[in-house]
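Residues per chain, in single letters:
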Amino acid sequence: MIKRKNILKIAIDSPAAAGAGTLAKAISKYYNLIYVDTGKAYRLIALYKIMFPKKFNLKFIKKKINKLTLKDFNNKKLLSDEIGTEASLIAKNKSIRKLIHTFQTKLAYNPPKKYNGSCLDGRDITYKIVPDADFKFFITANTKTRAMRRYKELRNLKKSISYNDVLKSIKNRDKNDYNRKISPLKKTKDSILINTTKLSKRACFLKIKKIIDREMQN
Ligand code: C5P
């Protein structure tokens, strides 16, 4: 694998709806890093499963991943809660994970030249995809806060869903993600814990920026 030298690599893991995506986007913009929301790859495969149930096998998935670009992540259909739940089931499959990993590591270690580095967020980024990241964060918030944030997000997208259903699906996804055998969600010892429950988006961003700037000045 080609690895660009002297790039800044940031790895973030978090449970669903903890605010990691918003933060990672802001950090990426500020430090001019390519941002990869790795969950979108699992969501995309989940969408393919629903769209092409008869064709859905490893060969088909491989073909799709080979053609994958970050533009595919903009598909609005990927944002629904059903797709999120299906993605967390697909994410238990070792062979599918392997295919997606190749796509992710390429972007992490060899981002396009116009970027100073990469920032990936997901569930296994800090210990599997970018284990030698310059900065590792574990971003979390309490379950009810996460459910309320996701509920508001879905309501803004005009999705009709109740808060209780969102809460149930967040709990279900946590169960899948924390307990699965392959690449479970966990906070590694070398990750910095950021609890966003009582922090505004701006406050979270400044907290992370302070950590990065302090280290880079040394
Ligand atoms: O982050 P997001 O909610 O979009 O992720 C959807 C699902 O994809 C997660 O619940 C998780 O099961 C899976 N995922 C994963 N590894 C990643 C990113 C996401 O297993 N690096």
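Conventions and cut-offs
Residues numbered from 1 in each chain as written. Predicted model: local features only at pLDDT ≥ 70, side-chain atom pairs only at ≥ 80, totals over all residues. Heavy atoms only, no water. Helix = DSSP H or I, 4+ residues; strand = E, 2+ residues; numbered from the N terminus. Near = heavy atom within 4 Å. Polar contact = N/O pair within 3.5 Å; in protein donor to acceptor, adjacent residues only side chain to side chain. Areas by Shrake-Rupley, 256 points an atom, 1.4 Å probe, with all protein chains shown as cover. Nonpolar A, V, L, I, M, F, W, Y, C, P; charged D, E, K, R; others polar. Buried < 20%, exposed > 50% of the residue type's maximum accessible area, 1.4 Å probe, protein only. Pairing = 2+ DSSP bridges. Salt bridge = Lys/Arg side-chain N within 4 Å of Asp/Glu carboxyl O. Core = buried A, V, L, I, M, F, W, Y, C linked by side-chain atoms within 4.5 Å. Contact = heavy atoms within 4.5 Å. Axes fitted to C-alpha atoms, helices over the stretch in contact; angles between N-to-C directions. Expected span 1.5 Å × (residues − 1).

Trainee: So what exactly am I meant to see when it comes to the environment of K5 here?
Mentor: Summarising the element assignment, K5 is placed in the segment before β1 (8-13). Through-space distance from the C-alpha of K5 to that of Y109 is 8.5 Å; in sequence the pair is 104 residues apart.

Trainee: I tried to follow the environment of K76 on my own but got confused; where do I start?
Mentor: On the secondary structure map, K76 appears in the loop between α3 (58-66) and α4 (81-90). Sequence separation between K76 and K152 is 76 residues; the distance between their C-alpha atoms is 16 Å.

Trainee: So what exactly am I meant to see when it comes to the site of the ligand here?
Mentor: Lining the immediate environment of the ligand, one finds 15 residues, of which R43, R97, R173, D177 and R180 sit closest. At 3.1 Å, a backbone N or O of R123 approaches a nitrogen atom of the ligand. A distance of 2.6 Å separates an oxygen atom of the ligand from a polar side-chain atom of D177. Protein coverage of the free-state accessible area of the ligand, which is 450 Å², stands at 94%. Ranked by the residues each element gives to the shell around the ligand, the list is headed by helix α2 (residues 39-51), at 3 residues. Across the shell around the ligand, the residue classes break down as 4 nonpolar, 4 polar and 7 charged.

Trainee: In this structure, what is going on with the pairing of β1? I would like to understand it.
Mentor: Regular strands place their side chains on alternate faces of the sheet. Taken across its 6 residues, β1 has 6 buried, putting it largely inside the fold. Burial along β1 is two-sided: the residues L8, I10 and I12 and K9, A11 and D13 are all buried. As defined by bridge partners, β1 adjoins strand β3 (residues 117-122) across 6 bridges and the pair is classed as parallel. Residue I10 lies in a different strand from β3, and its bridge partner there is C119. As defined by bridge partners, β1 adjoins strand β4 (residues 135-140) across 4 bridges and the pair is classed as parallel. Each bridged residue has a counterpart across the sheet, and for D13 the counterpart in β4 is F138.

Trainee: Even after reading the chapter, I still don't get the pattern of salt bridges, so can you show me in this structure?
Mentor: Here the idea is simple: oppositely charged side chains can pair when their charged atoms come close. One pass over the full model with this rule turns up 10 salt bridges. Taking the shortest distance from any N to any O, the salt bridge between K136 and D190 comes out at 2.9 Å. Remark: D190 occurs in the loop between α8 (163-179) and β5 (192-195) and K136 occurs in strand β4; sequence separation between them is 54 residues. For D190, a relative accessible area of 47% puts it in the partly exposed group. Between K209 and D213 there is a salt bridge; the shortest N-O distance is 2.8 Å.

Trainee: Help me understand the nonpolar core in this model?
Mentor: It is characteristic of soluble globular proteins that their nonpolar side chains tend to be buried jointly. Of all hydrophobic cores here, the largest spans 32 residues; its most connected members are I45, I65, I100, L120 and V130. Of all the secondary structure elements, the ones that give two or more residues to this core are β2 (33-37), α2, α3, α4, α5 (94-109) and α6 (125-129). Apart from residues lying up to four places away in sequence, I100 is in contact with A41, Y42, I45 and I65. Of all hydrophobic cores here, the second largest spans 21 residues; its members include I10, A18, A20 and I211.

Trainee: Could you clarify how one ought to interpret the environment of K136 in this entry?
Mentor: For K136, a relative accessible area of 8% puts it in the buried group. Along the primary structure K136 and K187 are separated by 51 residues, whereas in three dimensions their C-alpha atoms are 9.6 Å apart. If we skip the residues at most four places from it in the chain, K136 touches A11, T126, V130, P131, T188, D190, S191 and I192. Engagement of the side chain of K136 in a polar contact is seen with the backbone oxygen of P131, the distance being 2.7 Å.

Trainee: Any chance you could explain the sheet that holds β4 here in plain terms?
Mentor: Paired through backbone hydrogen bonds, the strands of a sheet run either parallel or antiparallel to each other. The strand order β2-β3-β1-β4-β5 describes an open sheet built from 5 strands, whose pairing is parallel. Looking at which strands have only one partner, the edges of the open sheet turn out to be β2 and β5. Between one strand axis and the next, the sheet turns by 20° as a mean value, whatever way the strands run. Across the sheet, α5 touches β1, β2 and β3, and the angle it forms with β3 is around 145°.

Trainee: When you look at α8 in this model, what are you seeing that I'm missing?
Mentor: Side chains three or four residues apart in an α-helix point the same way, a direct result of the helix having 3.6 residues per turn. The terminal C-alpha atoms of α8 lie 24 Å apart, and with 17 residues this matches the ideal 24 Å at 1.5 Å per residue to within 8%. Of all the positions in α8, only V166, L167, S169, I170, R173, D174, N176 and D177 are classed as buried. Looking at the packing, one finds that the buried side of α8 touches α2, α4 and α7 (143-156).

Shape is all these values report; function is a separate question.
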